[in-house]
Amino acid sequence: MAQNYSLAKVVIEHKKLINGFEYIEIKNTSATAKIALQGAHIFEYKRHYGNPVLWLSESSDFEHMKSIRGGIPVCWPWFGTPRALPSGRMPKDESLPQHGFARTAMWKLKNTNETDANSTEVTFSLSHTPESLKLWPHRFELELHVIVSDTLTVELKTTNLDDKAFLITQALHTYFDISHISHVRVKGLDKKPYFDALSMKEKIQDGDIIFNREIDRVYQDVYGKILLIDKNRTIKIQNEGSSSVVVWNPWVDKCKRMSAMKPSSYEGMVCIESANAFDDARIIKPNESHTLKAMIN
Ligand code: BG6
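Residues numbered from 1 in each chain as written. Predicted model: local features only at pLDDT ≥ 70, side-chain atom pairs only at ≥ 80, totals over all residues. Heavy atoms only, no water.

1. Quick word on the site of the ligand
For clarity, the threshold we go by: It suffices for a single heavy atom of a residue to lie within 4 Å of a molecule or strand for the residue to be listed as near it. Identification of polar contacts relies on pairs of N or O atoms within 3.5 Å, with a donor-acceptor requirement for protein atoms, meaning one able to donate a hydrogen and the other able to accept it, and with residues adjacent in sequence counted only if both atoms are side-chain atoms. Each residue gets one label: Ala, Val, Leu, Ile, Met, Phe, Trp, Tyr, Cys and Pro are nonpolar, Asp, Glu, Lys and Arg are charged, and the others, such as Gly, are polar.
The ligand sits among Arg 69, Phe 79, Gln 98, His 99, Arg 103, His 173, Asp 216, Trp 248, Lys 254, Met 258 and Glu 273. In this structure, an oxygen atom belonging to the ligand sits 2.8 Å away from a side-chain N or O atom of Arg 103. Residue Asp 216 places a side-chain N or O atom 2.5 Å away from an oxygen atom belonging to the ligand. Among the residues making up the shell around the ligand, the classes are represented as three nonpolar, three polar and five charged.

In C-alpha cells form, the structure reads like this:
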C-alpha cells in the first residue's frame, strides 16, 4: 500500500513494486520524479513538458543488489575501481564492486520538505555498516539531498565520522535521455584535459564532443556550465564541489556486453557525470564534509 507523506497538491508517496522494490514518487506543479531507496537512485525526472530528462533502460532491473541501468546511479566511495593514488592508474581489484557500494545499498528516507507547490525536497541517508566496513574501512554518513522543481538539484554530502582522514572518488552518473546519439553535441569542455579510458592516454579536447563511436573519458579542470545540445532542446549541467566530468557512451559493441542494455540502447542515451574522479579525488578529514552538487535544467 502506498504511504502518503502529504495531503497538499504536492504528493510524496512511498511506493513498492510487486517484487518489494521500494521507491519514493514525487509530483509537484513543475515535475515528477521517482527515487529508489536502493542506491537513493533517481530513476525518473520529468518536467510537465517535453521528453524525460533522464534515460532509463527498457530492460532495467529493479532488483535487490543490482544497480538500475539509467537515471542517476550514485557512484561512491570510488568511481570506477579504487585507486591507490588519486592520479595513479592502478590495476583493477575485481573483488570490489565497480563504482562502489552506495548505488546498491539500502538508504533511509531522512527528510521531506514541500518548499512550495513548484519545488519538493527529499533527503536520503546512508551510514557505515559491518558489511561496508569490510569493503571500505571507514565510518561515514552520506546524504543525498534532491530538489525536484524545474531544475533537478542533487547534492551528495560525505561526512567523515572516523578518527582519520579518508579519500573518496565519486560520481553522480547521470544518464540523459536524447533524441538520437548522432544529433547531440556536448559543449563546455573545449581545451580541457581528459583521460581517455579507451586508449588509456591523456588528451586535450578540441571543440565540442560529437559521438560517432564509443567514448569513455574523464575530463579535468571543469568549472563552467556544460551544455548537452540535442535536436530540439538543450540541457544545462552546472556542478559545484567538482572539477571533473565523465562523458560516456558505450556504442553498440559494449552495449551488447553490458547488463540491462539492448544493442541499440546507446542511441538514446549519453552519460555526463558530475564527478570527483582521478586528480579531483577528495580527502575528507575527521568531522569534515564534502558536497558534490549537480544542477540540471
Ligand atoms: C562509466 C565508465 O562511468 O560507467 C564506463 O566510464 C562504464 O567505463 C560505465 O562502463 C558503466 O558502468 P556500470 O558499472 O554501471 O556498468
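Next comes the rest of the description.
2. Describing the state of the cysteines
We apply this condition: By definition, disulfides here are pairs of cysteine sulfur atoms that lie within 2.5 Å. Buried residues are those whose accessible area, probed at 1.4 Å on protein chains only, stays under 20% of the maximum for their type, while exposed residues exceed 50% and partly exposed ones sit between those limits.
Across all of its chains, the model carries zero disulfides by this definition. Of all cysteine sulfurs in the structure, the one in Cys 271 sits closest to Cys 255, which takes part in no disulfide; the separation is 10 Å. Under the relative-accessibility criterion, Cys 255 is labelled buried at 0%. Here Cys 271 is not cross-linked by a disulfide; its sulfur's nearest cysteine counterpart is in Cys 75, at 9.1 Å. What makes Cys 271 buried here is its relative accessible area of 0%.

3. Focus on the environment of Ser 149
Our working definition: Where helices and strands are cited, they refer to DSSP runs of H or I of at least four residues and of E of at least two residues respectively, numbered from the N terminus. Two residues qualify as a contact provided that any one of their heavy atoms is within 4.5 Å of a heavy atom in the partner residue.
Mapped onto the secondary structure, Ser 149 falls in the loop between strand S9 (140–148) and strand S10 (152–160). Each C-alpha atom, one on Ser 149 and one on Leu 126, is 24 Å from the other, the two residues being 23 residues apart in sequence. Not counting the four nearest positions on each side in its chain, Ser 149 is found in contact with Ser 30, Ala 31, Tyr 45, Asn 118 and Ser 119. Within the local environment of Ser 149, its side chain forms a polar contact with the backbone oxygen of Thr 151, the two atoms lying 3.0 Å apart.

4. As for the pattern of salt bridges
The line we're drawing: Definition used for salt bridges: Asp or Glu carboxyl oxygen within 4 Å of a side-chain nitrogen of Lys or Arg.
Tallying each qualifying case throughout the model produces 14 salt bridges. Between Glu 25 and Lys 27 there is a salt bridge; the shortest N-O distance is 3.2 Å. One continuous salt-bridge network, built from bridges that share partners, spans Glu 13, Lys 15, Glu 25 and Lys 27.

5. Quick look at the sheet that holds strand S20 (residues 234–240)
Rule in force here: For two strands to be treated as a pair, DSSP must find at least two bridges joining them.
Strand order in this open sheet of nine strands is S7-S8-S9-S10-S24-S20-S19-S14-S17, and the pairing throughout is antiparallel. Here the strands that pair on one side only, and so sit at the sheet edges, are strand S7 (108–116) and strand S17 (209–210).

6. Here's the deal with the nonpolar core
To keep it simple, the criterion reads: To define a nonpolar core, start from buried Ala, Val, Leu, Ile, Met, Phe, Trp, Tyr and Cys residues and group those joined through side-chain atoms within 4.5 Å.
Trp 76 and Trp 107 are the most contacted members of the largest nonpolar core, which has 69 residues in total. A total of five residues in this core trace back to one element, the largest contributor, which is S9. In contact with Trp 76, not counting residues within four places along its chain, are His 99, Gly 100, Phe 101, Ala 102, Trp 136, Phe 140, Leu 142, Leu 156, Thr 158, Ile 168, Thr 169 and Gln 170.

7. Details of unusual backbone geometry
A cis amide bond links Trp 76 with the next residue in sequence, Pro 77, at an omega value of 5°. Along the polypeptide, Pro 77 turns up in the loop between strand S6 (74–75) and S7. Of note in this structure, Ala 40 is not a glycine but carries a positive phi near 45°. By relative accessible area, Ala 40 is classed as buried at 0%. Unlike most non-glycine residues, Trp 251 shows phi in positive territory, near 60°.

8. Structural notes on the side chain of Asp 162
You can see Asp 162 is positioned in the loop between S10 and strand S11 (166–168). For Asp 162, a relative accessible area of 10% puts it in the buried group. At a separation of 2.8 Å, a polar atom in the side chain of Asp 162 contacts the main-chain amide nitrogen of Arg 139.

9. Quick look at the packing of aromatic side chains
For any pair of aromatic rings, geometry is given as the distance between the ring centres together with the angle between the planes. Short version of the rule: Working definition: rings of Phe, Tyr and Trp (its six-membered ring) pair if their centres are within 6.5 Å, and the pair is stacked with planes under 30 degrees apart, edge-to-face with planes over 60 apart, and tilted otherwise.
The tally for this structure, following the rule as stated, stands at 15 aromatic pairs. Between Phe 101 and Phe 140, the ring centres sit 6.2 Å apart and the planes meet at 45°, which makes this aromatic pair tilted. Of this pair, Phe 101 sits in the loop between S6 and S7 while Phe 140 sits in strand S9, placing them 39 residues apart in sequence. Here the two residues Phe 101 and Phe 140 agree in accessibility, since each one is buried.

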